Amino acid sequence: MRYLVPCFLLLAAMPAPAATRFIVRFADQASAEAARVASTPPAPSARARRAARLVDPGQPRHVATLATGAQLFDVDDGNPAHFVRLPGVVSVEEDRMARPFALPDPLYPRQWSLHDARAGIDANVAWARTRGAGALVAVLDSGITAHPELDGQQVPGYDFVSDADRARDGDGRDADPRDEGDWEDPGECGRRRAAAPSTWHGTHVAGLAVARRGNQLGIVGVAPEAKLMPVRVLAACGGRLSDIIDAIAWASGGHVPGVPAASRRADAINLSLGLEGACGAALGDAIAQARARGSVVVAAAGNESVAATTFAPGNCPGVVAVGALDRRAGQAWYSNHGAGVTLAAPGGALARQRIDDLISAVDQGSRTPWRSVFRYMAGTSMAAPLVSGTVALMRSLDPDLGVDEVARHLVDNARPARCPKGCGAGLLDAGATLDAVAQGRP
Ligand SMILES: [Ca+2]
Ligand SMILES: [Ca+2]
Ligand SMILES: [Ca+2]
C-alpha cells in the first residue's frame, strides 16, 4: 500500500501526449465543410470543458483551413485511420516539421587545427559540452573589419590607439575599433623595411576564436557562440605599450580615465602581440589586476625562434603563454620555446604549403577595408586564440572557474607534442579540458 501514493503522483505528473497534426484533402468543398463543422471544438464553457475530458482520443479536432482548401486537424492518438471514416477524403498526410538546410561551414574540412587526430585540439568533443554561449573573448589587436563571420558576434569594443597619425582614423582614442589598415610604405616603419599590405591581423585572430558556425560560410571558431570584444591597440608600425596596458585594464573591467567602462569583463584577453625584453612593472601590474578581476590573460609566445622568456607579455607572471605547433604536432620552426611557454596550440608551418597553416577571416583590401575573404596565416598569433577560445568554452560551462583553475586545466589536459626545445605542457586539448571542467575534477 505504501507504494501507491508515489506511483499515483508519478502518473499525475506525466504530461498528456502531444496531438499529431494532419493535412487532409477532400474531393469537394462540401465534404471539407462538413468535416470541419463536425470536428470544430465547442466553445470553452464549463460544461464543454467537462465534456472535453470525455472526448474520444481518436476524434479529429479542426485547426485551420489552408490556402489550397486542405484542412488541418489534430488527433490525440495520432492515428490517421480516423480520417478514413470521413466522407470525401482524398489524402491524409502528417503535418511534419521541415528544417533549414544547414550546410556545414565549407572551409571547416581545412581546419586541421580543430579536428586532426594527431595535431588538432579535438574541438568536436568540447562542442558536445558547449559552444561558448555566455562567454566573452577580448581580442587586443589591430581592430576589426566588417566580416560575416564576426558580425553579430560582438559586444562594443574600443580603439585605444592614442597616436592619431599611426591610427589612420584622424584622432586619438575613440569608441570605434575598426581596423583602418596597417599597410607600410617603404621605410615607414624602419629604414630597411619594404612596402607591405595591410594584414587584417585582428580579424584573423578574432575569427579563429569566435567565427560563426553553421552560417554556410567559411570557418568555425573554437567558441562560435561566445562573444567578441574587439579592442584596437595595434595600428601602423605596431602599438604603444601604454595603450596596451590601458586596454588590458579596460577589457578586464577596470577603470581607464577618459574612457567609458566596458559593458562587461572579458573571460579571456587575447594578446597575439609582443615586444622584446622583460615584463615591465606597469605591464605586470595591468596583468595582475586583470587576473584579480577574473580575466584569463593569454599571450602568443612569439615567432623569433628564441627563448619565450625574452618576450613580453608572454613572460609576464600569470600569463598563459602559447607556443605554436605544426601539422605533425611538432614544434613550429619559428615558435619561441622553452620554460616560458605554458602550452602550445596549432599555429601552422609557415612553409610553402599554406594548407598546413591556419585559415581565418580577413579583408581583401591591400590598404583600407574592401571586402571580406579568408586567408591562411601562421604564427603563435594564430595559436593563442585557439587557447583563448577554449578558455571561453570553459567559462561558458562553468562561469565561476578561477583564472588559476583555468590555467591548471589547460596544462593538466594537454597532449604530448614533439618539442625538443620545449613547448610547456604540450598540445592544447580542448576536448579533454572541457571534459575535466564538466566533471569538476580538482
Ligand atoms: Ca582614433
Ligand atoms: Ca577608431
Ligand atoms: Ca562560419
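Read on for a plain summary of the structure. Note that the structure is a prediction, hence the values are computed from the model and not measured.

**A closer look at the environment of Ala 384**
Among the structural elements, Ala 384 can be located in helix α10 (residues 380–397). Overall, Ala 384 belongs to the buried group, its relative accessible area being 0%. Between the C-alpha atom of Ala 384 and that of Val 322, which follows or precedes it by 62 residues, the distance is 5.5 Å.

**Overview of the layout of surface pockets**
Empty space within the largest pocket amounts to approximately 850 Å³. Of all the secondary structure elements, the ones that give two or more residues to the lining of the largest pocket are α8 (241–251), β11 (311–312) and α10. Take the lining of the largest pocket: its biggest share by element is three residues, from α10. When its residues are assigned to classes, the lining of the largest pocket shows 18 nonpolar, 12 polar and five charged.

**Overview of empty space enclosed by the protein**
As enumerated under the stated definition, the model contains one cavity of 30 Å³ or more in all. Approximately 30 Å³ is the volume found for the largest cavity. What lines the largest cavity is Arg 110, Gln 111, Trp 112, Ser 113, Leu 208, Asp 357, Leu 358 and Ile 359. Put simply, the parts of the chain that give the lining of the largest cavity at least two residues each are α4 (112–115) and β14 (358–363). When its residues are assigned to classes, the lining of the largest cavity shows four nonpolar, two polar and two charged.

**A word on the side chain of Asp 429**
With respect to the secondary-structure elements, Asp 429 resides in the loop between α11 (403–412) and α12 (430–438). A polar contact is formed between the side chain of Asp 429 and the backbone nitrogen of Ala 432, at a distance of 2.9 Å.

**Quick notes on the coordination of the calcium ion (ligand 2)**
Bound to the calcium ion (ligand 2) on the protein side are Asp 159 (OD), Asp 169 (OD), Asp 174 (OD), Asp 174 (OD) and Asp 176 (O), at distances that span 2.3 to 2.7 Å. Positions of the donor residues of the calcium ion (ligand 2), expressed as sequence spacing, correspond to D-x9-D-x4-D-x1-D. In this structure, the calcium ion (ligand 2) is positioned 3.7 Å from the calcium ion (ligand 1), and both are ligated by Asp 169. Of the two residues, Asp 159 is situated in strand β6 (residues 158–159) and Asp 169 in the loop between α6 (164–167) and α7 (201–210); the sequence distance between them amounts to 10 residues. What makes Asp 159 buried here is its relative accessible area of 0%. The class for Asp 169 is partly exposed, based on a relative accessible area of 24%.

**A short note on the sheet that holds strand β3 (residues 71–75)**
Strands pair in a sheet through their backbones, by hydrogen bonds, and they do so in one of two ways: parallel or antiparallel. If you trace the four strands from one edge of the open sheet to the other, you get β2-β3-β1-β4, paired in antiparallel fashion. Each having just a single partner strand, β2 (61–65) and β4 (89–94) make up the two edges of the open sheet. Adjacent strand axes in the sheet meet at a mean angle of 30 degrees, parallel and antiparallel pairs treated alike. Two elements, strand β1 (residues 20–26) and β3, share five bridges in a ladder whose sense is antiparallel. Residue pairing in the sheet places Phe 22 in a bridge with Phe 73 of β3.

Reading guide: rules and limits
- Position labels on residues start from 1 in each chain and follow its written sequence.
- Chain letters start at A and ligand numbers start at 1, both assigned in the order the entries are written.
- Totals for whole chains, interfaces and linings use every residue, but because this is a predicted model, local features are given only for residues with pLDDT of at least 70 and side-chain atom pairs only at 80 or more, for both listing and counting.
- For side-chain calculations, the full set of non-hydrogen atoms in the structure is used, while hydrogens and water are omitted.
- A helix here means a DSSP run of H or I that spans at least four residues, while a strand means a run of E at least two residues long, and both kinds are numbered starting from the N terminus.
- A 1.4 Å probe rolled over the protein chains alone gives each residue an accessible area, and that area as a share of the maximum for its type sets the label: buried under 20%, exposed over 50%, partly exposed in between.
- Points on a 1 Å grid, built from protein atoms alone, make a cavity when a 1.4 Å probe fits but cannot get out and make a pocket when they are open with protein on both sides within 12 Å along at least 5 of 7 lines; residues with an atom within 4 Å of a point are the lining residues.
- Grid points are joined across faces, edges and corners, and a volume is the space filled by probe spheres set on the points.
- The classification used treats Ala, Val, Leu, Ile, Met, Phe, Trp, Tyr, Cys and Pro as nonpolar, Asp, Glu, Lys and Arg as charged, and all other residues, Gly among them, as polar.
- For this analysis, a polar contact is any N or O atom pair within 3.5 Å, provided that within protein one partner can donate a hydrogen and the other can accept it, and provided that sequence-adjacent residues contribute only side-chain to side-chain pairs.
- Coordinating N, O and S atoms are those within 2.8 Å of the metal (3.2 Å for Na, K and Ca), and as water is not part of the atoms, a site may appear to have fewer donors than expected.
- Strands are labelled as partners when DSSP assigns at least two bridges between them.
- The axes used here are C-alpha line fits, helices contributing only the stretch in contact, and every angle between their N-to-C directions lies in the interval 0 to 180 degrees.

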